[in-house]
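# Fold and contact review
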Amino acid sequence: MKFELTGQNPAGKARTGKITTDHGIINTPIFMPVGTQGTVKAVTEENLKNDIGAEIILSNTYHLYLRPGMEIIENGGGLHRFMNWDRPVLTDSGGFQIYSLSDLRKMKKEGVEFRSHLDGSSHYFTPEKVINIQRQIGSDIMMVLDECTPWPCEYDYAVKSTELTSRWAILNREAFDSSAPLYGFNQNLFGIIQGSVYKDLREKSAKELLKLDFDGYAIGGLAVGEPAEVMYEIVDFTTDYIPANKPRYLMGVGRPENILEAISRGVDMFDCVMPTRNARNAYLFTSQGIVTIRNARYKNDYSPLDPECGCYTCRNYSRAYLRHLFVANEILGLQLATIHNLRFYLDLVRESRRKIEEGTFEDWKNEIINKISINVSATEEK
RNA sequence: GGGCAGGCGCCAAAGUAGGAGAGUUGGGGCGGACUGUAAAUCCGUUGGCUAAGCCUUAGGGGGUUCGAUUCCCUCCCUGCCCA
């Protein structure tokens, strides 16, 4: 993997770059659609490429390991072939499941024990195991096993947790170095900086991980309920500790405005379930603001969802039709909504790159946030 | 024409051997939430009003009773069966 910087906005810390992998180039800043179970829910590979313009997608170690299981993935020729996706894939390690499935797991010194949410069976994840699974999956970018801390998080717990993540990082690195790719292309490993909302811990975590010279650095443990301003502050603080020549990935973020603010603070990569999940829940992002397409107000609205959007959905269907699909619980609604929301996110980062290269990112960002973060329905109500 | 079973909120049903009550469940309607996906999920709301209360309400009308959605009479309607 190669990462080169291609542009830098004069104000702020926003920058553009290019990640070259064996499955192609990723332009940064980039948003990565989430495909937890080896599918970006409700859309096809063709949608992802042609209608959305996805350059890389995310998948998940924990979920794929439980189902369909590694044997199926390996026999299928690795995840790329299995799911018919020939562009880069990043896999999360299961660190987020330590957070989101906290009722079903037990932290151990060397790893974490999960009870499967599918059948209750027990599974033990260690850094080494998680690296091996990601070898079997064949992701282009693998993530270290970490612990994603919740919010709020007591300082003492954050100290212990961050130490654990740092200790595990070494084991992740060793397992990575002593194993090899299975499918004939290179794989890379990103470290994850933790430390909750505590700057001293973030600094410590970053410095410890830098010694291990990962291919890129993620900022984890944010967007778990803390105020956005706190998140921005920690992001701003932490990116200063990541060398300029390494990609910076803010895990799990976020709303469009969160992404723009983080780009402004020097982040290159993002992922979030929001565009996909919210699409399936009738919550659509548009250039004019949030459209909750199930609302009765759209019953007779035959205009396109977003007149400024060039996606398949906006080119061909009206708000009234989309609303009808959602109200009638028709599957097509999920697909059309997902195509649009993901296209909106990808357009957002594409436009960000353009503005950074023009040097006008900051002003544009502020203007756009004002436009897109309002709720269209609520506004028109007044 | 006769017999039987029923009619409860926008809809479909539950329940009540008379007594907690605008009142159970599901659906529908309306609104909201969702941030490294246990999510095509979840939550709220859904008679009226001069709103910590009051009023109206269980097919219509009448009756018994301190009290009726529940019992009785009658009419109307629906379904099934028989002519």
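Attention in this report is confined to the structure presented alongside it.

Rules used in this analysis
Residues numbered from 1 in each chain as written. Chains lettered and ligands numbered in written order. Predicted model: local features only at pLDDT ≥ 70, side-chain atom pairs only at ≥ 80, totals over all residues. Heavy atoms only, no water. Pairing = 2+ DSSP bridges. Helix = DSSP H or I, 4+ residues; strand = E, 2+ residues; numbered from the N terminus. Axes fitted to C-alpha atoms, helices over the stretch in contact; angles between N-to-C directions. Contact = heavy atoms within 4.5 Å. Polar contact = N/O pair within 3.5 Å; in protein donor to acceptor, adjacent residues only side chain to side chain. Phe/Tyr/Trp six-rings, centres within 6.5 Å; stacked < 30°, edge-to-face > 60°. Lys NZ or Arg CZ within 6 Å of the ring centre and 35° of its normal. Near = heavy atom within 4 Å. Nonpolar A, V, L, I, M, F, W, Y, C, P; charged D, E, K, R; others polar. 1 Å grid on protein atoms, 1.4 Å probe; cavity = no way out; pocket = protein on both sides within 12 Å on 5 of 7 lines; lining within 4 Å. Points joined across faces, edges and corners; volume = space filled by probe spheres on them. Buried < 20%, exposed > 50% of the residue type's maximum accessible area, 1.4 Å probe, protein only.

### Some details on the sheet that holds strand 5 (residues 57-60)
Taken together, the eight strands give an open sheet; going across it, the order is 4-14-13-12-11-10-6-5, and neighbouring strands pair in parallel fashion. Two strands lie at the open edges of the sheet, namely strand 4 (30-32) and strand 5, each paired on one side alone. Taking each pair of neighbouring strands and ignoring which way they run, the sheet shows an average axis angle of 25°. The sheet contact formed by strand 13 (residues 248-250) and strand 14 (residues 269-271) spans two bridges and is parallel. If you follow L250 over to strand 14, its bridge partner there is F270. Across the face of the sheet, helix 6 (residues 127-137) comes into contact with strand 6 (89-92), strand 10 (141-143) and strand 11 (188-193) while running at roughly 155° to strand 10. In the packing of helix 7 (residues 155-177) onto the sheet, the strands contacted are strand 10 and strand 11, and the crossing angle to strand 11 comes to about 175°.

### A look at the environment of S352
You can see S352 is positioned in helix 14 (residues 331-358). A C-alpha to C-alpha distance of 9.5 Å links S352 and E362, two positions ten residues apart in sequence. Setting aside chain neighbours within four positions, we find S352 in contact with L260, I263, F361 and W364. A distance of 2.8 Å separates the side chain of S352 from the backbone oxygen of L348, its partner in a polar contact.

### Concerning the packing of aromatic side chains
Throughout the structure, instances matching the rule amount to 17 aromatic pairs. Measuring from centroid to centroid gives 5.9 Å for F361 and W364, while their planes differ by 50°, and the two rings are tilted. Of this pair, F361 and W364 both sit in helix 15 (residues 361-372), three residues apart, which is roughly one turn of that helix. Ring-pair connections join several aromatic residues into one group, and the members of that group are F31, Y283, F285, F344 and Y345. Looking at K49, its charged tip hangs above the ring of W85, at a distance of 6.0 Å from the centre. Taking NZ or CZ as reference, R135 lies 4.5 Å from the ring centre of F176, over its face.

### Remarks on the side chain of N341
Assignment of secondary structure puts N341 in helix 14. In terms of polar contacts, N341 uses its side chain to reach the backbone carbonyl oxygen of Y283, at 3.0 Å. For N341, the residues in contact, after removing those within four places along its chain, are P275, N278, A279, Y283, L284 and F285.

### Overview of the protein's contact with RNA strand B
In the neighbourhood of RNA strand B, 43 residues make up the surrounding shell, with C148, I192, M251, V273 and T276 lying closest. In RNA strand B, atoms within 4 Å of the protein come from the sugar-phosphate backbone in 46% of cases. Within the side chain of T36, a nitrogen or oxygen atom sits 3.1 Å from a phosphate oxygen of RNA strand B. S100 is positioned such that a nitrogen or oxygen atom in its side chain is 2.5 Å from a phosphate oxygen of RNA strand B. A per-class count over the surface near RNA strand B returns 17 nonpolar, 17 polar and nine charged.

### A look at the layout of surface pockets
Estimated volume of the largest pocket: approximately 910 Å³. For the lining of the largest pocket, the secondary structure elements donating two or more residues are strand 5, helix 2 (61-66), helix 5 (95-100) and helix 11 (274-280). The residue inventory of the lining of the largest pocket, partitioned by class, reads 17 nonpolar, 19 polar and eight charged. By volume, the second largest pocket is sized at about 250 Å³.

### Examining the side chain of E55
Considering the arrangement of structural elements, one finds E55 in the loop between helix 1 (45-52) and strand 5. Relative accessible area serves as the criterion here: at 11%, E55 is assigned to the buried category. Engagement of the side chain of E55 in a polar contact is seen with the backbone nitrogen of N27, the distance being 2.7 Å.

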